[in-house]
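Spelled out, the chains give:
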Amino acid sequence: MTDVVVVGAGVAATAAALSAAREHARVVLVDGGTGASSLATGAIDALPWQNAAAASDREASANGPAARSGAVDPRGRAVLDALGGYALPDRPALLLTTAGIARRADGHDAGLLNVAPLAGRRIGVVRCERPGWDAAAFAAAWGDSFVVVDATVLRYLDERVLPDGDFAARCDDAGRLGWLSERLREAVATAGGSPIAALVLPPSLGIERARAAELSARVGLPCGEALAAPGGPAGLRFERARDRALEAAGVERVRARASEVTRESDRWCVALDGGRTALADALVLATGGLIGGGIEYAPSEAMIASVLPPFARVPFRATVAIEGGSPLGMHGRPLELPGSLFGVAPESLAWPFAREAPMDRVGVLADADGRVSPGLYAAGDLVADAPRTWLHALESGARAGTNAARDAGAATSGHALATAGGAASPSRP
Amino acid sequence: MVQGESVPPPVSLPPLQRAMPVAEEGLATTSTDVVVVGGGVNGVGVARDFALRGLRVVLFERNDLAFGASGNSSGMIHGGVRYLSQAPHVTESSCRDSGYIQRIAPHLLFRLPFLMPIRNGAMGRIALELIDAYFRAYDDYQPLKRGEPHCRLDATDVARLEPGLAGTLLGGITFDEWGIDGARLCVLNALDAIENGARVHVHTTVETIARAPGGDGPVRYVVEARDRSTGERVCVGARVVVNATGAWSPVTASLGALPQARVRVRPGKGVHIVLDRRLSNYGILSEAIDGRQMFLMPWQNVSVIGTTDDDYYGDLDDVHATSEEVRYLVQGVARIFPSVREARAIGTYAGVRPTLYEYGRNEDALSRDHRVVDHAADGAPGVYSMIGGKLASYRMFAQELCDRVATADFEVTVPCATHTRRLPGGEGIPDATALAVEHGLTPVAARRLVYRHGGRARRILERVARTPTERDVTCPCEPVLEAEVRHVIREEMARTVYDVARRTRLGLGACGGMRCAARCGQIVAQERQLPPSEGGRMAREFVETQARARVVAMGPAQARQEALALAHLRSSLGESRDA
Ligand SMILES: Cc1cc2nc3c(=O)[nH]c(=O)nc-3n(C[C@H](O)[C@H](O)[C@H](O)COP(=O)(O)OP(=O)(O)OC[C@H]3O[C@@H](n4cnc5c(N)ncnc54)[C@H](O)[C@@H]3O)c2cc1C
Ligand SMILES: Cc1cc2nc3c(=O)[nH]c(=O)nc-3n(C[C@H](O)[C@H](O)[C@H](O)COP(=O)(O)OP(=O)(O)OC[C@H]3O[C@@H](n4cnc5c(N)ncnc54)[C@H](O)[C@@H]3O)c2cc1C
């Protein structure tokens, strides 16, 4: 029996567990494996890019501040501090992507180079034979201030083909980092023209933690990675930081997948695979969206060739069944059963081109505090109608974890939630 | 106006009898012998034929080469087996022409053995006898296209050849056909036309066809076209205009105020589902619940299920499959090949056939499925429309038109050479394995490269030799080398990420462009000296269009992949920052 059980192991779940632990709750985290957080590329945004683009249209200057609706929730910031290795600058960051774009972000993994403070200065793009790394093309695409710098970055032959993560792991070795810093120093010294103010490298700077600061100190100028394909070092660094922070906060971790949540004599009962169960006063579901696997798309096509189903089905389902039916919804309302046996025609979902992209909106219905029903919370990509971004996962997770811990505290001190009616949300600081 | 009883008319208003407008003096800045409207297989086929006879040709294509039916067909070069009983001479000429296409583009064809299982039903034995006899007659023509004779199989043989078949079978018949990449066929024809002096404008739409001021000189018509991305106008004077716009033909005719009814086609929409691998080494014929024939066939490195045929009166520039159609096809094929249920669909594509309107109603239309319409009868001598046709008979169709026009309008007597002269890359086709060793490529990459480019694969690898970084694999699914992407932009008129995909199959594999679209956009922008944001926009457009084609066939696993592709795009392209 614990105070709070958190299901999931992504950004939202981590934020919930750490925030609940800060409230002195006993926390168990049910880790179902890799999710979107491990695949993300290290940029931290508050708004999805369609909205961000629309917001910038309204702005007079394309270089103005990003349209973040407000300051980052202090509980979210506390989680970031506990994780370490992330930057949330006051002014929006400008990150370089291997798609040839300098794009804005609210924050970033500390391994990435933020070029916003370097406006107008010469930035070197390190040339090396890594897959998909075309320094000349990037320099041309990112802007006038970028120049190609020739440096020896690869030390062994296999590094031409090694996946980003494996390659980055080599820089966790202090010796290797020292070797690299010398090569970069030489390269900067021999580069002609006006002085180089910073260096952009392919994703390569460590997976235990970001080695960008260390490298920058040794080279004598800011060095950092460009943002690259999913499954790269930034996601691995998230996992390492999460593991360290959860352990430091004393969060117990169970490796399992949850299948069902029921309410039993004022407690939440989570059924885990392998026949185990976890009991808690309050529960946070942070199982992710489609990518994390918390919501599944079950289209009519998956069953067409067998006999017709006797009943209509909702084309989405949550991997964790919640007692009392599906809590999934969209546009603030429960998801309706479609009229035909075949379900919603997927093309009518018009995903992902419509602004109101349904697959990005379907999720568990929760209020502004993340509450689904008394003592039950949802956070991150799992939540309906919320932006599927890193910052949202962080803030919603922190909020849900804090509130869950307080509910649990209330429950333990005798104020049964069921009688409190649940409708009145606990006052927030 | 009396309409046909069985097929609803495409337009409800009676055609207006307008006269073709006369162009302003001095509008045409250049002149040519022939303007071809449409860059499908018929348009490029005609352009090549004219060019090889020494005539000057300008071709306009509204979208990209092979954007319409030609790039969205089932990709079969068949021998006209269905004409065998009524018009065996059509079967013979179809088979002979299939042989010619093999001769001019040997690298582009692949053998496609078909298996027609016969169910053990009431009529089973009779059906088997009849079909056997029918294909015995077809065997006479098979040598013309290097086809193997058919085989009659008993149930055990069928089960051994294809264990995936379900139901109790009496036996089956095999017959031999050939597959082709229709988009590449179009590109190669266009290239050869260009190499023989033709000019080809892609993404350029014809807006009006007008009479030239001053009548019947070498220039009788002025064709006005507009580049759809730059907005630039191109006006060309010509003696002959060929409307080769397939399902768009009536629309094109109206651009010259010609009666639409004369070029009416029945627009039959057909969809295909692409599965991620070759499920069988045979094309398998099956019947839908309503008795319509459909197939599951191995096609290049994937399997394709096809196809439907429904009247279509929607936007021809935006044809796509619906989940209803996908369901119908999967259900039909699953009856005979149940494991398609578990197979992974990675996409769909759709096209509109320009079927002859009166097809099946009169003898002439029955014996051949294409026709040249001479608009002299509408007061526009020298304007022709090509109606109907097949990928398999494009060369013959082009020859028919060119033979007629060369003598009637130009007094040119140079004989047709399109069946003897090889298409670009059709000569000196290298051995893929040797090429792989020589250039340090994976054998798969080399084989795919040689399939697409034949002898010209060497040109692409010369790029690699000059710039070793171009050995980078831009699209790992297909796979496509960076050098090939650059080659098709420089040498094959690709202007967008989608155009590159049409020519190389980049981004059409399982990952839906997640791993290659952004990089490809970058290369396109670089090669065409566009702002990088333009490359990003093209990549986004490509992935989103592909997503829409996939979503109708999407299972849970694909939904995840789709979400991942979108997230990747969001994070790497972000918002466009180029002011
Ligand atoms: C390629 C990519 C690029 C991205 N780029 C950006 C970006 O640039 N900027 C930005 O702001 N955001 C970006 N995102 C989005 C961001 O990463 C996500 O919004 C965020 O990570 C979501 O976190 P989460 O904790 O809600 O979900 P996830 O990280 O998906 O975590 C869900 C967790 O729940 C677990 N789980 C699921 N079902 C069960 C079950 N039944 N039992 C137990 N556990 C279960 C999963 O195993 C997983 O651990 C990107 C995402 C991806 C994939
Ligand atoms: C589903 C399906 C399956 C098929 N399977 C086979 C098969 O297996 N074997 C076979 O032999 N045949 C097959 N066919 C038939 C074959 O694909 C077509 O008959 C053939 O491609 C027609 O070519 P086309 O050039 O006439 O038309 P299209 O390829 O449609 O070309 C017309 C072109 O004109 C352009 N255009 C339109 N308006 C303008 C304008 N104003 N200005 C400039 N350009 C314009 C369009 O963009 C288009 O590219 C199939 C067809 C379909 C739809």
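No experiment lies behind these values; they were computed from the predicted model shown. (Residues numbered from 1 in each chain as written. Chains lettered and ligands numbered in written order. Predicted model: local features only at pLDDT ≥ 70, side-chain atom pairs only at ≥ 80, totals over all residues. Heavy atoms only, no water.)

Brief notes about the overall build of chain B
Reasoning step 1: When helices and strands are tallied, chain B shows 17 helices and 20 strands.
Reasoning step 2: Taken over the C-alpha trace, chain B has a radius of gyration of 24 Å; the compact-globule value for 579 residues is 25 Å, and the two agree within 12%.
Reasoning step 3: For chain B, the spread of C-alpha atoms along the three principal axes comes to 75 × 60 × 45 Å.
Reasoning step 4: Per-residue burial over chain B gives 61% buried out of 579 residues. (Helix = DSSP H or I, 4+ residues; strand = E, 2+ residues; numbered from the N terminus. Rg over C-alpha atoms; globule rule 2.2 N^0.38 Å. Buried < 20%, exposed > 50% of the residue type's maximum accessible area, 1.4 Å probe, protein only.)

Points about the domain arrangement of chain B
Interface size is commonly expressed as the accessible surface area that is lost when the partners come together.
Residues and elements named next belong to chain B.
Reasoning step 1: One can read the domain layout of chain B as domain 1 (30-69 + 183-264 + 368-410), domain 2 (77-180), domain 3 (265-356) and domain 4 (432-578).
Reasoning step 2: For domain 1 and domain 4, the distance between their C-alpha centroids amounts to 31 Å.
Reasoning step 3: Of the residues lining the interface, 17 residues belong to domain 1; the matching set on domain 4 comes to eleven residues.
Reasoning step 4: Carbon and sulfur atoms make up 48% of the surface buried where domain 1 meets domain 4, a total of about 1,200 Å² over both sides.
Reasoning step 5: Three residues stand out in domain 1 for area buried against domain 4, namely D64, R184 and L191, and they jointly supply 42% of the buried area on that side.
Reasoning step 6: Run the count over domain 1 and domain 4 and you get five salt bridges.
Reasoning step 7: When the shortest N-O distance is used, the salt bridge between R495 and D227 registers 2.8 Å.
Reasoning step 8: Between domain 1 and domain 4 we count ten residue pairs in polar contact (both at pLDDT 80 or more) in total.
Reasoning step 9: Counted by class, the side of domain 1 that touches domain 4 contains ten nonpolar, three polar and four charged residues. (Domains from an automatic or database assignment. Contact = heavy atoms within 4.5 Å. Buried area = accessible area lost by both parts, 1.4 Å probe. Salt bridge = Lys/Arg side-chain N within 4 Å of Asp/Glu carboxyl O. Polar contact = N/O pair within 3.5 Å; in protein donor to acceptor, adjacent residues only side chain to side chain. Nonpolar A, V, L, I, M, F, W, Y, C, P; charged D, E, K, R; others polar.)

With respect to the packing of aromatic side chains
Reasoning step 1: The tally for this structure, following the rule as stated, stands at 15 aromatic pairs over all chains.
Reasoning step 2: On the basis of an interplanar angle of 75° and a centroid distance of 5.9 Å, the ring pair of F110 of chain B and W299 of chain B is categorised as edge-to-face. One end of the pair, F110 of chain B, is in strand 4 (residues 109-119); the other, W299 of chain B, is in strand 13 (residues 293-299), with 189 residues separating them in the sequence. For the pair formed by F110 of chain B and W299 of chain B, the shared burial category is buried.
Reasoning step 3: Linked through ring pairs, F114, Y134, F135, Y138 and F175 of chain B together constitute an aromatic cluster.
Reasoning step 4: Stacked on the ring of W268 of chain A, the Lys or Arg R263 of chain A has its end atom at 4.7 Å from the ring centre. (Phe/Tyr/Trp six-rings, centres within 6.5 Å; stacked < 30°, edge-to-face > 60°. Lys NZ or Arg CZ within 6 Å of the ring centre and 35° of its normal.)

Notes on the site of ligand 2
Residue and element names in this part refer to chain B.
Reasoning step 1: Around ligand 2, the structure places 38 residues, and the nearest of them are E61, S70, M76, G389 and A392.
Reasoning step 2: Here a nitrogen atom of ligand 2 and a backbone polar atom of M76 are 2.8 Å apart.
Reasoning step 3: A distance of 2.7 Å is found between an oxygen atom of ligand 2 and a backbone nitrogen or oxygen belonging to A392.
Reasoning step 4: Contact with the protein chains hides 98% of the accessible area of ligand 2, taken as 1,000 Å² for the molecule alone.
Reasoning step 5: With four residues, strand 16 (residues 345-356) is the largest single contributor of residues to the shell around ligand 2.
Reasoning step 6: Counting the residues that make up the shell around ligand 2, at least three belong to each of domain 1 (30-69 + 183-264 + 368-410) and domain 3 (265-356). (Near = heavy atom within 4 Å. Areas by Shrake-Rupley, 256 points an atom, 1.4 Å probe, with all protein chains shown as cover.)

Focus: the sheet that holds strand 20 (residues 333-334) of chain A
Residue and element names in this part refer to chain A.
Reasoning step 1: Spatially, three strands are ordered 20-19-21 in an open sheet, and the strand pairing comes out antiparallel. Edge positions in the open sheet fall to strand 20 and strand 21 (363-364), since each of these has one partner strand only.
Reasoning step 2: With two bridges joining them, strand 19 (residues 328-330) and strand 20 adopt antiparallel strand pairing. Its bridge partner being in strand 20, G329 is matched across the sheet by P334. (Pairing = 2+ DSSP bridges.)

Some details on the site of ligand 1
Reasoning step 1: For ligand 1, the set of nearby residues contains 42 residues, the closest of which are G33, S37, D45, A258 and D381 of chain A.
Reasoning step 2: Flanking ligand 1 are residues from chains A and B.
Reasoning step 3: V11 of chain A is positioned such that a nitrogen or oxygen atom in its backbone is 3.1 Å from an oxygen atom of ligand 1.
Reasoning step 4: A258 of chain A places a main-chain nitrogen or oxygen 2.8 Å from a nitrogen atom of ligand 1.
Reasoning step 5: For ligand 1, the accessible surface in isolation is 1,000 Å², of which the surrounding protein chains cover 98%.
Reasoning step 6: Elements supplying a minimum of two residues to the shell around ligand 1: helix 1 (11-22), helix 2 (36-39), strand 3 (43-44) and helix 10 (390-412) of chain A together with helix 17 (556-573) of chain B.

Observations concerning the side chain of R550 of chain B
All names here are of chain B.
Reasoning step 1: When you line up the elements, R550 lands in helix 16 (residues 532-551).
Reasoning step 2: Note on R550: relative accessible area 5%, which makes it buried.
Reasoning step 3: Discounting residues that sit within four places of it in the chain, R550 has contacts with I346, G347, G512 and E562.

Structural notes on the environment of D310 of chain B
Reasoning step 1: Topologically, D310 of chain B is positioned in strand 15 (residues 310-311).
Reasoning step 2: The sequence separation of D310 of chain B and G347 of chain B amounts to 37 residues, and the corresponding C-alpha distance is 20 Å.

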